[in-house]
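Tertiary structure, described
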Amino acid sequence: MSSSSKDIIFCSTSLAMYDRRMQRITNALNSSGYQVRWLSRYHDKNTINFDSIRHNFVKCIFNSGILFYLEFNIRLFLKLLRSSEGSISCVDLDTLLAATLASKMKGKKLIFDAHEIFYEVPELTGKPFKKWIWKQVARWCIPKTDLCYTVNNSLKKHYEKNYSTSFSVIRNVPDVITKKTVAISNNKTMVYLGAVNKGRGVEIAIQSLQQLIDYKLVIIGEGDEYEQMIALAESFNVSDRIDFRGYTTPDKIFSILSECSIGLNVLVAESENYRLSLANKFFDYMHAGLPSINMRYPEYESILEEHGVGVMIEEYEIGGLVEAVARLEDTALFEELAENTIMYRGLYTWGKEKVDLVSLYVGLLTQS
């Protein structure tokens, strides 16, 4: 393999210090002999300290909305034109347009990592024109890629059906955790990990505290509705039982989870993106020894029917969440689920996934 074929530039609009999937992917490839550079969104909270991963920011004037995505892609395109790497790997549709144009102009291999169905996020509900734009990007760009992978089988089927392009699956799971932590049932602390965005369950978790008077809630992460959720907690007079942790670096997440008892993974049903999801938080809860509350969506139902590490609810509503928490107050059930998280977490580790990841890149980049 030539040196240029082993040079890969990654592109994402995420904040690098909090993007654990991209950290895992770039580190896995770097440790396998690839020369990796990562272009990501600039933010004044970014403090990058990746030992051997070269990293550069894409700094924009706009911070949200269509103008941000337009500006980011223009700036990213210009950076990619000046890059010397032999292949481009991009995350989701919001970087795919610039990467596709640059790869074709410079004759570089193009890799696409689909974390979600970008045009099916709740934020685009009721916005048909914006959704149409992203669908056109997908329709034009995805068939032009050289390698595609996504985070679960449901998304793989969606993309293959709609774009006649083969996708592999690289799940977003944690590294092996050797500490044998098991949640304590009487701790009565729920935790939400992830972006605080529309339809992610944060609002119903906050409202459920009015009925779950003995419970506390920890929220790890920020997002589009972070300030609104703080205001919602105040309006329901439950702020004293909620710990808003904000953005938290990956190395601190496990210790926070270990102080909690129930992981929340509740997503609004109207979004096809969420219905087909397999969130990394599901595995984070499992690795930390926490039984979780999940929606009865295909990926969660498949795993939970085989490995009982949590419970499911049918509808995205406060009543269903409260009922699920009440079920977990059955000490025997709680302890069974908690023990199962330790028993089965070894089946879902990044050590296994990264072997498949590296094989995909080797298979592509050794082609003539």
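As shown above, the structure is provided for reference.
Residues numbered from 1 in each chain as written. Predicted model: local features only at pLDDT ≥ 70, side-chain atom pairs only at ≥ 80, totals over all residues. Heavy atoms only, no water.

1. Observations regarding the environment of Tyr344
Relative to the elements of secondary structure, Tyr344 occurs in helix H13 (residues 331-344). Put simply, Tyr344 and Leu217 are 127 residues apart on the chain and 26 Å apart in space, counted from C-alpha to C-alpha. (Helix = DSSP H or I, 4+ residues; strand = E, 2+ residues; numbered from the N terminus.)

2. So, the pattern of salt bridges
Under the criterion given, the structure shown has 15 salt bridges. Of the charged contacts, one joins Glu259 and Arg245 as a salt bridge, the two residues approaching to 3.9 Å between their closest N and O atoms. Residue Glu259 is located in the loop between helix H8 (250-257) and strand S11 (262-265), and its partner Arg245 is located in strand S10 (residues 242-246); the two are separated by 14 residues in the primary sequence. Residue Glu259 is classed as partly exposed on the basis of its relative accessible area, which comes to 48%. In this structure Arg245 comes out as partly exposed when scored by relative accessible area, which is 33%. Note that Glu272 is salt-bridged to Arg275, the shortest N-O span being 3.0 Å. Here Arg275 and Glu272 lie together in helix H9 (residues 272-275), a separation of 3 residues that amounts to about one turn. What makes Glu272 partly exposed here is its relative accessible area of 28%. For Arg275, a relative accessible area of 31% corresponds to the partly exposed category. Connected via shared salt-bridge partners are Arg37, Arg54 and Glu85. (Salt bridge = Lys/Arg side-chain N within 4 Å of Asp/Glu carboxyl O. Buried < 20%, exposed > 50% of the residue type's maximum accessible area, 1.4 Å probe, protein only.)

3. Section: the packing of helix H3 (residues 93-106) against helix H4 (residues 128-141)
When two helices pack together, their arrangement is captured by the angle between the axes and the distance separating the axes. Across the interface, H3 lies against H4 with an axial gap of 10 Å and an inter-helix angle of 45°. The orientation of H3 with respect to H4, classified from their angle, is oblique. H4 is crossed by H3, and the crossing has left-handed handedness. In this structure, H3 contributes Leu93, Asp94, Leu96, Leu97, Thr100 and Leu101 to the contact, and H4 contributes Trp134, Val137, Ala138, Trp140 and Cys141. (Axes fitted to C-alpha atoms, helices over the stretch in contact; angles between N-to-C directions. Parallel < 35°, antiparallel > 145°, perpendicular 65-115°, else oblique. Left-handed = near helix turned anticlockwise from the far one by under 90°. Contact = heavy atoms within 4.5 Å.)

4. Some remarks on helix H10 (residues 280-287)
Most of H10 is tucked away, with 7 of its 8 residues classed as buried. Among all positions in H10, only Lys281, Phe282, Phe283, Asp284, Tyr285, Met286 and His287 are buried. Gly289 occupies a position one or two residues after H10 and carries a positive phi of about 85°.

5. Thoughts on the nonpolar core
Of all hydrophobic cores here, the largest spans 50 residues; its most connected members are Met190, Ile206, Leu217, Ile262, Phe282 and Ile293. Aside from chain neighbours lying at most four places away, what touches Met190 is Ala205, Ser208, Leu209, Leu212, Tyr215, Lys216, Leu217, Val218, Ile262, Leu264 and Val325. In this structure, Leu39, Ala98, Ala99 and Cys141 belong to the second largest nonpolar core, which totals 37 residues. (Core = buried A, V, L, I, M, F, W, Y, C linked by side-chain atoms within 4.5 Å.)

6. Remarks on the sheet that holds S11
The strand order across the open sheet formed by 6 strands is S10-S9-S8-S11-S12-S13, and the pairing between neighbours is parallel. Both edges of this open sheet fall to S10 and strand S13 (310-313), since each of them pairs with a single strand only. The mean inter-strand angle of the sheet, taken between neighbouring strand axes irrespective of direction, is 25°. Strand direction decides the pairing type here: strand S12 (residues 292-295) and S13, joined by 4 bridges, are parallel. Looking at S13, one finds that Ser292 is bridged to Gly310. Of the strands in this sheet, S11, S12 and S13 touch helix H11 (residues 298-306), which is tilted by about 140° from S13. Helix H12 (residues 318-327) contacts strand S8 (189-193), S11, S12 and S13 of the sheet and is inclined by roughly 155° relative to S13. (Pairing = 2+ DSSP bridges.)

7. A word on the packing of aromatic side chains
According to the stated counting rule, one finds 18 aromatic pairs in the structure shown. Between Phe112 and Phe167 the ring centres are 6.3 Å apart and the planes differ by 80°, which places this aromatic pair in the edge-to-face class. Of this pair, Phe112 sits in strand S5 (residues 109-114) while Phe167 sits in the loop between helix H5 (153-163) and strand S7 (168-169), and the two are 55 residues apart along the sequence. Here Tyr159 and Tyr163 contribute two aromatic rings whose centre-to-centre distance is 6.1 Å and whose plane-to-plane angle is 35°, an arrangement assigned as tilted. One end of the pair, Tyr159, and the other, Tyr163, are both in helix H5, 4 residues apart, so they sit about a helical turn from each other. The residues Tyr159 and Tyr163 share a single accessibility class, namely buried. Through a chain of ring-to-ring contacts, three or more aromatic side chains come together here, namely Phe68, Tyr69, Phe72, Phe118 and Trp134. In this arrangement the basic side chain of Lys59 is found over the ring face of Tyr42, its NZ or CZ atom lying 4.6 Å from the centre. (Phe/Tyr/Trp six-rings, centres within 6.5 Å; stacked < 30°, edge-to-face > 60°. Lys NZ or Arg CZ within 6 Å of the ring centre and 35° of its normal.)

8. Remarks on the environment of Lys354
Turning to its location among the elements, Lys354 is positioned in helix H14 (residues 350-365). Overall, the relative accessible area of 34% leaves Lys354 in the partly exposed class. Considering only alpha carbons, one finds Lys354 and Ile170, 184 residues apart in sequence, at a separation of 7.7 Å.

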